[in-house]
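Secondary and tertiary structure notes
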2 protein chains.
Amino acid sequence: MFSKETYVSRRAELRKLVKSGIVILFGNNDSPVNYPSNSYYPFRQDSSFLYYFGLNRDGLVGVIDIDEGTETLVGNDIDIEDIVWFGSVNSVKDMAESVGVANTAPMKSLQIICNNALKQKRPIHFLPPYRYDTKLQIFDLLGIHPNQQKEAASLELIKAVVKMRSTKEPQEIAEIEDACSIGYKMHTTAMRLTKPGFTEKFIGGQVDGTAHSYGAMVSFATIFTQHGEIMHGTPSWDVLESGRLALCDSGAENRNNYCSDNTRTYPVNGKFTQRQREIYSIVEACHDYVLDVAKPGVKWYDVHMAVCRLMTDKLKEIGLMKGDTEEAVRAGAHAMFLPHGLGHMMGMDVHDMEGLGQNYVGFDDEIQPSTQFGTNCLRMGRRLEKGFVVTDEPGIYFIPALIDDWKSQGLHKDFINYEMLETYKDFGGIRIEDDLLITDDGCRFLGTERIPYHPDDVEEFMRNN
Amino acid sequence: MFSKETYVSRRAELRKLVKSGIVILFGNNDSPVNYPSNSYYPFRQDSSFLYYFGLNRDGLVGVIDIDEGTETLVGNDIDIEDIVWFGSVNSVKDMAESVGVANTAPMKSLQIICNNALKQKRPIHFLPPYRYDTKLQIFDLLGIHPNQQKEAASLELIKAVVKMRSTKEPQEIAEIEDACSIGYKMHTTAMRLTKPGFTEKFIGGQVDGTAHSYGAMVSFATIFTQHGEIMHGTPSWDVLESGRLALCDSGAENRNNYCSDNTRTYPVNGKFTQRQREIYSIVEACHDYVLDVAKPGVKWYDVHMAVCRLMTDKLKEIGLMKGDTEEAVRAGAHAMFLPHGLGHMMGMDVHDMEGLGQNYVGFDDEIQPSTQFGTNCLRMGRRLEKGFVVTDEPGIYFIPALIDDWKSQGLHKDFINYEMLETYKDFGGIRIEDDLLITDDGCRFLGTERIPYHPDDVEEFMRNN
């Protein structure tokens, strides 16, 4: 949690940007798992609520009446039976005071606030809800069916929040660095434990445990798999086998809810085969290339496309692709190997602000999202600005189902060497990912300790640990 | 997952018990965390859906038309883009076949099924929903507002499910034993790591990691705390201090979603003080007493009350309580020290079937829940039957807020020695918990390896590990 002044001035800026009406920022509630009170899903506050109100407790709503110039923290105090079960907590009044909010009100008053605003026909600004309890709350408060709420959300509010949250303050960058240092522990734990005979599940579980030990939680479901070609492959009960690659894509959310997100791919037995090293080096070159070109003013879309061309060039060198590079990439043939985007915004959400709508977060009037397979998964295209944090995560995958699908359709057969590709169906996938801070005139990776990724460093680390 | 025949015969039995109408069992969906697609909350299927349909995937609904004698698995198949991201999965048809369900239908057909049944005025049986997406789904399908759904849920279906799930089959007991063996690893990991200087957070995180490594997940949010007097104390950033007690209440959910639930309390520095051992021994005696008396036909309510009397007797011996034991317990004075119930049903849910309504699961016409503070938290009162699994978890707590509250009201001052109690405000709390299977003529603890709990065993384990 930052200083009271931070939240006061963020809300003041928000009021200026949204100009008029009432802003309602819904905090999150506990998430039931298998019965109403079993919240073993750890509580996660809404990121925008955290950004403006800083309070990490369930059952709160922040109301900003821009016209009246008032701010109210809405929530119920707890009683002695709650104290027995959950311990003492601060009163709603104390919590409001700690973030410079003058007024408090019990939850039942939210309906009155909404009814009054509706009667006066004043605009009520809310963000697109993503949790179903919030959707129900909005339905009951405002009579808007959940299916219509995304459209009914306030564009002014979305744009103001995106504008503010996109550029990370120095104190936010320090939090991301902290998350990266937990991420370092998570990844090196996985690298240390990876050996033939363990299950993916075992290593993935130890990675999670490291996140839980040092931070709030994982920033997304840990990926630890010998099937790197499945983008979101969750750890299975399969046993690690010598000769295969293990891909670990995982990140921490630190105690102040800032994220890290890294990927490493390494040989289960600690030593790359020739073929693995060949493909790995292409991914490595693409990953490192971004460091040289990302800076304020550059379109992230252009960086993505340049990486696709570099990858195509290098895949041509080893014979997996062929034909004209420009044409191949324009046609989308490279997406056989890289079917996702180069990277996404990162902050309090690992895909930062994704819930507000990717089109507002990653794109603008100048740069619109693509509809082509592969490039349509690029979550961010717009020009970089100082203070943006984006992930740099190229990968090369050999996806048997996709190979069969495209081959049977004869897709991009002028650019893809399907005969050779057939022999890679048992390869898996490689991704290397780090978190990039855009600086005054360039960029740098976040995290003081670098998780090893140059192939010799990886082999050395695995030999010595 | 059990055999196809298991699910076929469970559904046949359910049809017999419910007799007529249409049964709709909603499977769970992914749970969004901080934006729609960020499901770092691990997927958890609904337990009753698992019990009757056995399928551990999101986006499924099971429909049993009792009148027509048909069964349908409702769900959508996935396409190539999903395969790229999440890997291949079985088709809905294959999944249905694997659990002996003859028909499948896409999700959109559920509305048609419901509309037809409503038109024909046939009873539609559903269980009380606890997730908000399910509540919304029921609202859209049947037009029942979420606030009315608990009342609109089918009593016939609830009673049939409770009847069947209460008595554990031998294959279910084997799964609980498996969960207990993961629980053993979790608890001994915590005991091994507990030393002055570590944070509660660190140990709690390692416990979680152990669950994630060997099983599906934790069966509830891990409690690891020096403030055992807070019933649901989540691990804080506080550093463990020599002289204090650490309480660990945690359990595993194994890969087939069966639970364990144990509690141990031990000295941070590995050695009990005289005062700690005194209180600990009372809890231990209460815990062990249950083993001697729990058996088919005995009311769990009576066992709870007997434990309260035993505890009162022993607290009188050391001077913390006074007066007539019977009167003290009847008045509820013991709840100062034991403000919760002796134990609850356990199975696929750690509080088994709690979502179906505690009154149907733990009570019946013969035994109704109490409203007295403390005893009102007893989740189970009815007569034990062979095959029931219940937790045995007495505890003694010194809760400063409760002491102040009762003392200022002069509550139970004939039974409580407040002067002496004041000196225990820094004590914390002790709980010992194991999982009890009711057998033919008695009971036994589940779990092949016992987590040490006799004070000498605890000290020996901590000395040697």
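Parameters and conventions
Residues numbered from 1 in each chain as written. Chains lettered and ligands numbered in written order. Predicted model: local features only at pLDDT ≥ 70, side-chain atom pairs only at ≥ 80, totals over all residues. Heavy atoms only, no water. UniProt positions renumbered as here; feature names shortened; annotations may be inferred. Axes fitted to C-alpha atoms, helices over the stretch in contact; angles between N-to-C directions. Helix = DSSP H or I, 4+ residues; strand = E, 2+ residues; numbered from the N terminus. Parallel < 35°, antiparallel > 145°, perpendicular 65-115°, else oblique. Left-handed = near helix turned anticlockwise from the far one by under 90°. Contact = heavy atoms within 4.5 Å. Domains from an automatic or database assignment. Buried area = accessible area lost by both parts, 1.4 Å probe. Salt bridge = Lys/Arg side-chain N within 4 Å of Asp/Glu carboxyl O. Polar contact = N/O pair within 3.5 Å; in protein donor to acceptor, adjacent residues only side chain to side chain. Buried < 20%, exposed > 50% of the residue type's maximum accessible area, 1.4 Å probe, protein only. Pairing = 2+ DSSP bridges. Least-squares fit on C-alpha atoms with pLDDT ≥ 70 in both.

Looking at an unreviewed UniProt entry, one finds chain A named Xaa-Pro aminopeptidase and attributed to Xylanibacter rarus. Regarding chain A, the UniProt comment filed under Catalytic activity (unreviewed entry) reads as follows: "Release of any N-terminal amino acid, including proline, that is linked to proline, even from a dipeptide or tripeptide." For the record of chain A, the UniProt heading Cofactor (unreviewed entry) holds the text "Mn(2+)".

Things to note about the packing of helix H1 (residues 4–18) of chain B against helix H8 (residues 155–166) of chain B
Residues and elements named next belong to chain B. Two elements in contact, H1 and H8, have axes separated by 9 Å at closest approach and are oriented at 135 degrees. The orientation of H1 with respect to H8, classified from their angle, is oblique. Regarding H1 and H8, the two cross each other, and that crossing is right-handed. In this structure, H1 contributes Arg-10, Glu-13, Leu-14, Leu-17 and Val-18 to the contact, and H8 contributes Glu-156, Leu-157, Ala-160, Val-161, Lys-163 and Met-164.

Description of the domain arrangement of chain A
Residues and elements named next belong to chain A. Domain assignment breaks chain A into domain 1 (4–166) and domain 2 (170–464). Relative placement of domain 1 and domain 2: their C-alpha centres are 34 Å apart. With 18 residues of domain 1 at the contact, the number on the domain 2 side is 18 residues. Between domain 1 and domain 2, the buried area comes to about 1,500 Å², and carbon and sulfur atoms account for 58% of it. Contact with domain 2 buries surface across domain 1, with Arg-44, Arg-165 and Ser-166 losing the most and accounting together for 37% of the total. Inspection of the region where domain 1 meets domain 2 yields 4 salt bridges. In this structure, the salt-bridge partner of Arg-44 is Glu-253, at a minimum N-O distance of 2.6 Å. On the surface where domain 1 and domain 2 come into contact, there are 8 residue pairs in polar contact (both at pLDDT 80 or more). Going through the elements one at a time, helix H1 (4–18), helix H2 (47–53) and helix H8 (155–166) are the ones with two or more residues in the side of domain 1 that touches domain 2. Here the side of domain 1 that touches domain 2 takes 7 residues from H8, the largest share from any one element.

Digging into the pairing of strand S1 (residues 22–26) of chain B
Sheet faces and side chains relate simply in a regular strand, where the side chains alternate between the two faces. All names here are of chain B. In terms of burial, S1 is largely enclosed, as 5 of its 5 residues are buried. Side chains Ile-22, Ile-24 and Phe-26 of S1 all project onto a buried face; the interleaved residues Val-23 and Leu-25 project onto the opposite face, where all are buried too. Across 5 bridges, the pairing between S1 and strand S2 (residues 61–65) is antiparallel. Of the residues in S2, the one forming a bridge with Val-23 is Ile-64. Of the pairings in the sheet, the one linking S1 to strand S5 (residues 124–125) comprises 2 bridges and is parallel in character. Residue Val-23 lies in a different strand from S5, and its bridge partner there is His-125.

As for the sheet that holds strand S1 (residues 22–26) of chain A
By way of backbone hydrogen bonds, the strands of a sheet pair with one another, either parallel or antiparallel. All names here are of chain A. Reading across the sheet, the 5 strands line up as S4-S3-S2-S1-S5 and stay open at both edges, with mixed pairing between neighbours. Two strands in the sheet have a free side with no partner beyond their single neighbour: strand S4 (103–105) and strand S5 (124–125). Set on the sheet, helix H6 (residues 132–142) makes contact with S1, strand S2 (61–65) and S5; between it and S1 the angle comes to about 145 degrees.

A look at H6 of chain A
Residues and elements named next belong to chain A. Among the 11 residues in H6, 9 count as buried, and that is most of the element. Restricting attention to buried positions, one finds in H6 the residues Asp-133, Thr-134, Lys-135, Leu-136, Gln-137, Ile-138, Phe-139, Leu-141 and Leu-142. Gly-143 sits one or two positions beyond H6 and adopts a positive phi of about 70 degrees.

Some points on the pattern of salt bridges
Counted according to the given criterion, the structure contains 54 salt bridges over all chains. Residue Glu-422 of chain A is joined to Lys-425 of chain A by a salt bridge in which the shortest nitrogen-to-oxygen separation is 3.2 Å. A salt bridge links Glu-354 of chain B to Arg-379 of chain B, with the nearest nitrogen and oxygen atoms 3.0 Å apart. Placement of the pair is Glu-354 of chain B in the loop between helix H13 (325–331) and helix H14 (358–361) and Arg-379 of chain B in the loop between H14 and strand S11 (389–392), with a sequence separation of 25 residues. Several salt bridges share partner residues, and in doing so they unite Arg-44, Arg-165, Lys-168, Glu-253, Asp-349 and Asp-352 of chain A into one network.

Brief notes about the relation of the copies chain A and chain B
Mapping chain A onto chain B calls for a rotation angle of 180 degrees and an axial translation of 0.0 Å; the resulting RMSD is 0.0 Å. In the structure described here, the two chain copies are related by an operation that fits a two-fold rotation axis. Taking C-alpha positions as reference, the residue of chain A nearest the rotation axis is Gly-209 of chain A, located at 1.8 Å. When the interface residues of chain A are mapped onto chain B, 100% of them again fall at the interface, so both copies present the same face.

Section: the sheet that holds strand S10 (residues 262–267) of chain A
Residue and element names in this part refer to chain A. Strand order in the open sheet formed by 3 strands is S7-S8-S10, and the pairing between neighbours is antiparallel. Every other strand in the sheet has two partners, leaving strand S7 (223–225) and S10 as the edge strands with one partner each. Strand-to-strand twist in this sheet, taken as the mean axis angle between neighbours without regard to direction, amounts to 10 degrees. In terms of strand pairing, strand S8 (residues 245–250) meets S10 through 6 bridges, oriented antiparallel. The partner of Leu-245 across the bridge, within S10, is Pro-267. Helix H9 (residues 170–193) contacts S7, S8 and S10 of the sheet and is inclined by roughly 15 degrees relative to S10.

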